[in-house]
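# Working through the structure, step by step
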Amino acid sequence: MTTVLTSASPLTAADRCDRCGAQAYLRVVLLSGGELLFCAHHGRKFEPELKKIAAEIQDETERLTAVPGASPEEER
Ligand SMILES: [Zn+2]
């Protein structure tokens, strides 16, 4: 019933990281059918694990770097 194979809908400001509540830039569709949202920080942190359990990863983190000076929590 819940077969959604498209990544059509972009993430919005209303989508929040499941871990910290920051704006989400990654949507992870799980093989089990669930869905997780992560900010850029946690998306990177959990990426190795997510790739094992994800059917699809929608990565919009490039939108962060597209706005110079707008990402106060950039690492490195
Ligand atoms: Zn987060």
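On a predicted model such as this, the values are computed, not experimentally measured, just so you know.

### Let's talk about the pattern of salt bridges
Evaluated as defined, the whole model comprises three salt bridges. Put simply, Arg 27 and Glu 35 hold a salt bridge, and the shortest N to O gap is 3.3 Å. Classification of Arg 27 by relative accessible area gives buried; the value is 11%.

### Regarding the sheet that holds strand S1 (residues 26-30)
Spatially, the three strands line up as an open sheet ordered S2-S1-S3, and their pairing is antiparallel. For this open sheet the edge positions go to strand S2 (35-38) and strand S3 (54-59), each flanked by a neighbour on one side alone. Averaged over all neighbouring strand pairs, the angle between strand axes comes to 15 degrees, with direction disregarded. When S1 meets S3, the two strands line up antiparallel, connected through five bridges. Note on S3: the bridge partner recorded for Leu 30 is Ala 54. In the packing of helix H1 (residues 40-53) onto the sheet, contacts are made with S1, S2 and S3, and the angle to S3 comes to roughly 155 degrees.

### Some details on the coordination of the zinc ion
Protein ligation of the zinc ion involves Cys 17 (SG), Cys 20 (SG), Cys 39 (SG) and His 42 (ND1), the donor distances falling in the range 1.9 to 2.4 Å. Each of the four donor atoms around the zinc ion contributes to a set of angles spanning 104 to 115 degrees, which defines the coordination as tetrahedral. Summarised as a motif, the one-chain spacing of the donors to the zinc ion is C-x2-C-x18-C-x2-H. One end of the pair, Cys 20, is in the segment before S1; the other, Cys 39, is in the loop between S2 and H1, with 19 residues separating them in the sequence. Under the relative-accessibility criterion, Cys 20 is labelled partly exposed at 44%.

Rules used throughout
Residues numbered from 1 in each chain as written. Predicted model: local features only at pLDDT ≥ 70, side-chain atom pairs only at ≥ 80, totals over all residues. Heavy atoms only, no water. Salt bridge = Lys/Arg side-chain N within 4 Å of Asp/Glu carboxyl O. Buried < 20%, exposed > 50% of the residue type's maximum accessible area, 1.4 Å probe, protein only. Pairing = 2+ DSSP bridges. Helix = DSSP H or I, 4+ residues; strand = E, 2+ residues; numbered from the N terminus. Axes fitted to C-alpha atoms, helices over the stretch in contact; angles between N-to-C directions. Contact = heavy atoms within 4.5 Å. Donors = N, O, S within 2.8 Å, 3.2 Å for Na, K, Ca; no water. Tetrahedral: all angles 85-135°; square planar, octahedral: opposite > 155°, others 65-115°.

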